[in-house]
Every structure is written in structure tokens, then in C-alpha cells.
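Close look at the chain arrangement
Residue strings, one per chain:
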Amino acid sequence: MSESDFEQRLYQERREKLVKIAELGQAVYPNSYTATHTVPELRSAFDARTGEELDAEKPQVSIAGRIMAIRAQGKAGFAQLQQGGQRMQVYVRLDAVGEQAFALYKLLDLGDHIGVTGYLFRTRTGELTIHVETITFLAKAMLALPDKYHGLEDVELRYRQRYVDLIMNSGYAPKAAEGEEAEPSLNVREVFVKRAKVLRALRTFFDDRGYLEVETPMMHSIAGGAAARPFKTHHNALDLDLSLRIAPELYLKRLVVGGMDRVYEINRNFRNEGIDTQHNPEFTMLEFYQAYANYHDLMRLTKELIIFVAQQVNGTTIAEFNGVEIDLSQWRELTMREAIIEFWPETGTSPRPTMAEFQIEGRLKLWVDRLRAAGHSIDYKVGEPEGKTIANIFETVAEEHLVQPTIIYDYPLVVSPLSKQKPDEPDWVERFEFYIGGFEVGNAFSELNDPDDQRRRFEQQLLEKERGDDEAHAMDEDYVRALGYGLPPTGGEGIGIDRLTMILTGSKSIRDVILFPLLRPQVKAAAEE
């Protein structure tokens, strides 16, 4: 029997149970249920009570939840109800609930929703339990939950059916009867609870420092603010081609021009790029801008921010990621050139470069050849600007080693079209990225505020676009005009919320911290074969 045949048969069997439940006088899909507590509230209020205290008081309670374990033994049975990420055991006896309610109990399946009333007591093993007096049917699970001993283990299926993932992987091992210990297991819900705490902490941090949270457009006539390929769309009424935003940067800086000196946005961005453990086409970023500040100010602010968020979310600056303990309170700072030298894969045929060699014409091509000869894959095109080659060499030799919190600063001008040049090194800009866990988490720079220089940078981007760079973008005349009204010295930064959440939850893939990640469409295997 195929899975679809099995599901159809199961669906029919449970539909028949619904008919029997209705014959017992129960509404099969009632509109409401009144509870005195949620399960988490009940646990918070009564977990500390002793069995003697409960026996003396017999607190009357009413809760609702999903059945995650159920067993009937003759004229009595235990069940586990799950709500709000926690579980509560209930005890059902024929002589306490009556024949009709006990008949309902025997028609229930794993996954069904019910409401119960009764009083609290502790079993012989000390477990807080509700002695049920009434049962109300609330909803039937027409499809079976995954095997109770293995849960939902298939990773891709977990992403596709996040609703089942959240039900099954709630931090509890399967529990079928009274007295069995609930053991820790994968807790998907907790990951997303922590993600919400990350967002709350970010807002608190910036609100307390006088920043204003704003919202900017998600559809742009000119994609800009980052080096990325956009998604394209079309507005019919205006007959206008648009791009989904790749970054809110240029709009946020327009606001700083307008006198909003400190702004931030927690924004959804869309980039038409590949998918891997660190990239999803739709993702969430924090971007913030501070007038009269530069990239050194933002380096200090970034360290304070990450420490604050870690403490708010986990209560500690220590995180476990990919089997490595990371201390988010301890930071290193290296220039990009220093990082290349430090992490160069030195061999007999590929000696470690020196700072002076960055100035020698043709030396970068030699380094690329040496890296390729040593088995490293590196993106390089003959004739490309040297700054782009340096950035590619850095990504090849250094990024994976930046597991502990590290700020990499001073980037090539050619890969930083919106950054301010260093006064003493015009080919380099005041930009930094910070890395944790071996990948970039944030990007910041002293913002370019010279409109004429910005126009030249955009023109250079047009040349790169003509050379075939899909991530280079068109001239944004209105943004150049905005700079003409005067952008004060400004520092700006973008931080990947998904990647930061990965670090704080120990999640190995970005898909683990996005509720509904984009996935390749499923094909029917039998038809394909």
C-alpha cells in the first residue's frame, strides 16, 4: 500500500471516529474552550507544590492541549497533553468521568486536541497530574503523527513540514505511560523562542540608545546597497519593473540626510543566489546608521551589542557551535591584509607573504597560482582589479579560521562602493566585517558622503556590470541627489539575524533558524522513475 493509500485509509478511520464522537453528544469542532491556565502557567504555579499540599487543597484546574501519549488500562488511563512547548500528565478513570466521557477517551488518537477539568495531585512517582473529571473534545488529528520513538528525523521533511517538526521535536522523548521519565531531545520550538528573544534584545539595545526603528520599501526601482543579484518583479498598474530589495541601506541613509540621526530597521532581504548552510534567498537583517560616527565607533558598539544579546538570550556569552566553545566577549581585530598573512597555508612552495609584497605588481596573480597549485579553489579573472583579488584571497585562506569573534577591517575600495576611503590609503576604505563560527555575521563602514565621489563609484559599478558582474547595479540618481543635500559623517552596519541566531542556538544550518526556508519543489519519485 502506498503512503497515500495508507493516509486515505487512516483519514477514513478517523472520520468514522468523529461520527462516533458526535453520537456521544460532543461537538466535533467546537468554537471555543475556557481554560483556567495554559500548561506553562500551570507548571509555573504548581510545580513546587508537594503532594501533601495538593491533597489538602485539591486545586481545581482546566487546561487544553494536544495528546502526545495516551494509554487506557481497563477502566483507567494516563495521557500527556502538550501546549506551549510543555506537557502535563492527565489521569482518566471511568468512575470519575462517567461512561460517556470514558467512551470518548477511548476514541481519542495521538495528535487530537482535548480540554480537561479536574484537580491536581501527585502520582506515586511524584509527577504532577490532573485527576480528570470532565473531557471536552476539541479537534481530531486526521493524519497520524510520526513514530513516537523516532519522531520526525528526516531533516528535509522537518523543513517542509515545520508544523509537524514543532509538534514532535519539542524537547521531550516519547512517553507512553505514567512513571516514565521524559528525556531531553531536539527542541525546535526553543530555537524559535530564542530567535524572538534575539529580536527583542536588539530592539531594546537600540531603543535605549536613542535609535528610531523605521520601515523602508521592499520593492525598489533600482537594486542597491549590497553586491547581490536581485529578484525581479513587475507592477502592472504602473507598468514598472521592480526588484525585491537586497538591502535597505540607501533608503536608511536618505533618512539620515533628512535629520533622523540614529535609525535602525529589522528587515527582510531577498537575493537571487545559491542556497547552502549559510544562505537562504529570503533572510532577515538588522541595519542601523548613526550620524557623526565612523567605523571605529561601530566596532565598539558591535562588541557591546553581541555581548548584550547573548546575555539576554542565553544568560551567558559562552556559545557552543559546531562542537567548539565560543566566547562572545573576547574579540580580535585584524586588517584584511594581516588576516591573509596570518592564515596563509604556508608550504615549501608557497611561503607566507609579507605586508610589503601587497605593493609588488603581479604578486597577487602569483599568489592565486600558488593557492590553486595547493588545491584551493579561488575565484579569479585575468585583468580584474587587484582589490577584488585581495578580497577573494582573504575569503579563500582566512574566513574558515575565524571561529572566535573577530573583526576584519580595512577593505579594498573596489569591493566597497559605498564606503569612505582611508585618508592615507586611497585604494582602501574604512570598512569592517565581523566573523563568528567561521563565517561573516555583520558588515559595517564609514559611509561615503561625497556626492561626486559616490557618482564615480556608481559609474565604476556600471563598468563592472558591463564586464559581466551580475552583482553590480545601475546608477541611483536620486540617492546621489540626496547626498547633495548633505549626509553628515555616518557609520552604518548590517547584521545577519539568521546567522547570529545560528551561533546563539548552536544550529548548523540557516534552515534550522528559519521557520519556512525555501526548498526545491518535491517531485513524485514514482512518476520520475
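Throughout what follows, the structure given in this document is the object of discussion. Computed from a predicted structure; not experimentally measured. Counting starts from 1 at the beginning of each chain's written sequence and moves along it residue by residue. pLDDT decides what is reported in this predicted model: residues at 70 or higher carry local features, side-chain atom pairs at 80 or more are listed and counted, and totals for whole chains, interfaces and linings draw on all residues regardless. No hydrogens and no water enter the side-chain calculation; it runs on all heavy atoms of the structure.

**Concerning the overall build of the protein**
Assigned secondary structure in the protein consists of 17 helices and 19 strands. A principal-axis box enclosing the C-alpha atoms of the protein has dimensions of 90 × 60 × 55 Å. The buried label applies to any residue whose accessible area, calculated with a 1.4 Å probe on protein chains only, is under 20% of its type's maximum; exposed applies above 50%, and partly exposed to all values in between. A buried classification covers 48% of the 529 residues belonging to the protein. When checking whether two residues touch, look at their non-hydrogen atoms; a contact exists if any pair is within 4.5 Å. In the protein, of all internal contacts separated by at least 6 residues, the share reaching a separation of at least 24 is 66%. Only carbon and sulfur atoms are counted for the fraction: they give 49% of the accessible area of the protein, which is about 25,800 Å². Charge counting follows a simple rule: Lys and Arg are positive, Asp and Glu are negative, and His as well as the terminal groups are ignored. Just so you know, the charge point we use is NZ for Lys, CZ for Arg, CG for Asp and CD for Glu. Computed over 62 positive and 84 negative side-chain charges, the inter-centroid distance for the protein is 4 Å. Only DSSP runs of H or I covering at least 4 residues are called helices, and only runs of E covering at least 2 are called strands; the numbering of each starts at the N terminus. Each accessible area value is a Shrake-Rupley result obtained with a 1.4 Å probe; residue values ignore everything except the protein chains displayed when judging cover.

**Side note on the pairing of strand 18 (residues 439-446)**
Counting buried positions over the eight residues of strand 18 gives six, a clear majority of the element. Here strand 17 (residues 425-436) runs beside strand 18; their pairing, made up of six bridges, is antiparallel. The residue bridging Y435 from the neighbouring strand is E440, located in strand 18. Note: two strands are recorded as paired if DSSP finds a minimum of 2 bridges between them. Counted along the chain from strand 17 to the antiparallel partner strand 18, the turn is two residues long, and its residue G437 has a positive phi close to 75°. Both strand 18 and strand 19 (residues 490-496) contribute to a ladder of five bridges, which runs antiparallel. When the sheet's bridge partners are listed, G442 is paired in strand 19 with I495.

**Points about the pattern of salt bridges**
In the sections that follow, a salt bridge refers to a side-chain nitrogen of Lys or Arg positioned within 4 Å of a carboxyl oxygen of Asp or Glu. Throughout the structure, instances matching the rule amount to 31 salt bridges. Residues R158 and D165 are paired through a salt bridge, measuring 2.9 Å at the closest nitrogen-oxygen approach. There is no split in this pair, since R158 and D165 are both buried. Notably, a salt bridge pairs E447 with K253, separated by 2.6 Å at the nearest N-O pair. Remark: K253 occurs in helix 9 (residues 249-257) and E447 occurs in the loop between strand 18 and helix 14 (451-466); sequence separation between them is 194 residues. A single burial state applies to E447 and to K253, both of which are buried.

**Remarks on the environment of D109**
Relative to the assigned elements, D109 resides in the loop between helix 5 (99-106) and strand 4 (113-122). Of the residues examined, D109 reaches a relative accessible area of 11% and is grouped as buried. Separated by 72 residues in the primary sequence, D109 and H37 place their C-alpha atoms 23 Å from one another. Those residues in contact with D109, other than ones at most four positions away along the chain, are R14, K17, I67 and K140. For D109, the side chain forms a polar contact with the side chain of K17, separated by 2.7 Å. Nitrogen and oxygen atoms within 3.5 Å of one another constitute a polar contact, given that in protein one can donate a hydrogen and the other can accept it, and given that sequence-neighbouring residues count only through two side-chain atoms.

**Looking at the pairing of strand 11 (residues 282-291)**
Burial runs high along strand 11: nine of the 10 residues are buried. Note that strand 10 (residues 262-270) and strand 11 share nine bridges and pair antiparallel. Paired with F270 across the strands is E282, a residue of strand 11. The sheet contact formed by strand 11 and strand 19 spans seven bridges and is antiparallel.

**Concerning the sheet that holds strand 1 (residues 60-73)**
Strand order in this closed barrel of five strands is 1-2-3-5-4, and the pairing throughout is mixed. The sheet shows a mean angle of 55° between the axes of neighbouring strands, taken without regard to direction. The sheet contact formed by strand 2 (residues 76-83) and strand 3 (residues 86-93) spans eight bridges and is antiparallel. Opposite A76, over in strand 3, you have R93 as the bridge partner. Contacts from helix 2 (residues 39-46) reach strand 1, strand 2, strand 3, strand 4 and strand 5 (128-139), with the element oriented near 85° to strand 3. Axis definition: a line fitted to C-alpha atoms, over the contacting stretch in the case of helices. Angles run 0 to 180 degrees between N-to-C directions.

**Topic: the packing of helix 12 (residues 363-373) against helix 13 (residues 386-397)**
Helix 13 packs onto helix 12 with a crossing angle of 30° between their chain directions and a minimal axis gap of 10 Å. What the angle tells us is that helix 12 and helix 13 run roughly parallel. The chirality of how helix 12 crosses helix 13 is left-handed. In contact with L364, W367, V368 and L371 of helix 12, helix 13 contributes E386, T389, I390, I393 and V397. Just so you know the grouping, Ala, Val, Leu, Ile, Met, Phe, Trp, Tyr, Cys and Pro go in nonpolar, Asp, Glu, Lys and Arg go in charged, and all remaining residues, Gly too, go in polar. For the contact of helix 12 with helix 13, a count of residues per class yields seven nonpolar, one polar and one charged. Oblique is the label for any angle not under 35 degrees, not over 145, and not in the 65 to 115 range, which are roughly parallel, roughly antiparallel and roughly perpendicular in turn. What makes a crossing left-handed is the near helix being turned counterclockwise from the far one by less than a right angle; a clockwise turn instead makes it right-handed.

**What to know about the packing of aromatic side chains**
Classification of ring pairs rests on two measures: the distance between centres of Phe, Tyr or Trp rings, Trp counted by its six-membered ring, which must be within 6.5 Å, and the angle between planes, read as stacked under 30 degrees, edge-to-face over 60 and tilted in between. Taken as a whole, this structure holds 15 aromatic pairs when the rule is applied. With 5.2 Å between their ring centres and 80° between their planes, F205 and F206 make a pair best called edge-to-face. Of the two residues, F205 and F206, neither departs from the other in class, the shared state being buried. Each residue in the set F205, F206, Y211, Y264, F288 and F308 is aromatic and connected to the rest through ring pairs, giving one cluster. When the NZ atom of lysine or the CZ atom of arginine is within 6 Å of a ring's centre and also within 35 degrees of its normal, the charge is said to sit over that ring. One Lys or Arg, R254, reaches over the ring of Y251 and ends 4.7 Å from the middle of that ring. Against the face of W428 rests R337, its NZ or CZ located 3.8 Å from the ring centre.

**Examining the sheet that holds strand 7 (residues 219-220)**
Spatial ordering of the open sheet is given by 7-9-8, a layout of three strands whose pairing is antiparallel. Since the sheet does not close on itself, it has two edges, and those belong to strand 7 and strand 8 (232-235), each with one partner. Relative to strand 9 (residues 240-244), strand 7 is paired through two bridges, and the arrangement is antiparallel. Paired with M219 across the bridge in strand 9 is L244.

**Focus: the side chain of T490**
With respect to the secondary-structure elements, T490 resides in strand 19. Given the relative accessible area of 1%, T490 is considered buried. A polar contact of 2.7 Å, which involves the side chain of T490, links it to the backbone oxygen of P488.

**Points about the side chain of D512**
Relative to the assigned elements, D512 resides in the loop between helix 16 (497-505) and helix 17 (525-528). Within the buried core, D512 has no salt-bridge partner, and the shortest N-O distance to an opposite charge, that of R158, equals 4.2 Å. A polar contact is formed between the side chain of D512 and the side chain of Y159, at a distance of 2.6 Å. If we ignore the near neighbours within four places in the chain, the residues touching D512 are R158, Y159, R162, V191, F192 and S507.

Without other data, these values stay purely geometric and don't point to any function.
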